[in-house]
Amino acid sequence: GLDLFDVIALAWSEKGFIAIIFAVLFAIGVAASLTLIKPSFEAQSRLLVLLENDPTPAAAGAGGAFMLDQIMQSESELLGSGAVRRQTLAALGAETILGEPVTGNADSAALQALGSSLDISREPFSSALLASYEADDADRAALILNAVIDAYLAYRQEILVEAGIETVAER
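Residues numbered from 1 in each chain as written. Predicted model: local features only at pLDDT ≥ 70, side-chain atom pairs only at ≥ 80, totals over all residues. Heavy atoms only, no water.

(A) Representation of the overall build of the chain within the structure. When you go through the chain residue by residue, the secondary structure sums to seven helices and three strands. Moving toward the C terminus, one meets the helices and strands of the chain in the order α-α-β-α-α-α-α-β-β-α. Within the chain, residue pairs in contact and separated by at least 24 positions form 68% of the contacts whose partners lie at least 6 positions apart. Total accessible area on the chain stands at roughly 11500 Å², and carbon and sulfur atoms take up 60% of it. (Helix = DSSP H or I, 4+ residues; strand = E, 2+ residues; numbered from the N terminus. Contact = heavy atoms within 4.5 Å. Areas by Shrake-Rupley, 256 points an atom, 1.4 Å probe, with all protein chains shown as cover.)

What follows is the structure, encoded as structure tokens:
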């Protein structure tokens, strides 16, 4: 049988062979990581939702105002809505969103890319939304996130202020 000292002596005698095997495996790992891993950039934005003179109508059937959690859930759903994504697509075009030249009708692929790369989160009991967009180019990620936020602000204004208050007042 071999004891620990025999194994160490055997490994020491074959140290050149072990170093060559390690170098080859290390080089393969580095080459694979450089070719397979694509760079990714994330643009982030924080949106503060202020509730003074809140235009949000009262909760249906509850008889009272929305609670902060309900309002923030509504705001995050507005930010991630299909209408906001469609307005962003209309503002930027599918080629900018996809980051490559497009042929034919690529609107559905661009809308899917917007939906999968856009992340919306918030902390509990906070009136701030965190929106982030991930792309393979930093400038494109920032451009798309800014367009999403502009579309959200316009859509929110349209839904909650312009049409929302008048519609609730008429009813």
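Moving on from the coordinates now.
(B) Quick look at the pairing of strand S3 (residues 128-135). Bridge analysis of strand S1 (residues 41-48) against S3 gives eight bridges, and the strand direction is antiparallel. Each residue of the ladder has a partner; that of Leu 47, found in S3, is Leu 129. Where strand S2 (residues 118-122) lies against S3, five bridges are found, and the strand directions are antiparallel. Bridged to Leu 118 within S3 is Tyr 133. (Pairing = 2+ DSSP bridges.)

(C) Layout of the side chain of Ser 45. Position of Ser 45 among the secondary structure elements: in strand S1. If we skip the residues at most four places from it in the chain, Ser 45 touches Leu 129, Leu 130, Ala 131, Leu 145 and Ile 149.

(D) Representation of a nonpolar patch on the surface in the model. A cluster of nonpolar side chains, contributed by Phe 17, Ile 18, Ile 20, Ile 21, Val 24, Leu 25 and Ile 28, occupies part of the molecular surface with about 690 Å² of accessible area. By the element assignment, Leu 25 lies in helix H2 (residues 15-36). (Patch = residues over 30% accessible without salt bridge, like charges linked within 9 Å, V, L, I, M, F, W, Y side chains within 5 Å. Salt bridge = Lys/Arg side-chain N within 4 Å of Asp/Glu carboxyl O.)

(E) Highlighting helix H6 (residues 107-117). Within H6, the full set of buried residues consists of Ala 110, Ala 113 and Leu 114. Projected down its long axis, H6 shows its buried positions confined to an angular sector of 100°, all on one face. Structural note: H6 exposes Ser 108, Gln 112 and Ser 116 on the side pointing more than 90 degrees away from its buried face. (Buried < 20%, exposed > 50% of the residue type's maximum accessible area, 1.4 Å probe, protein only. Arc of directions from axis to C-beta.)

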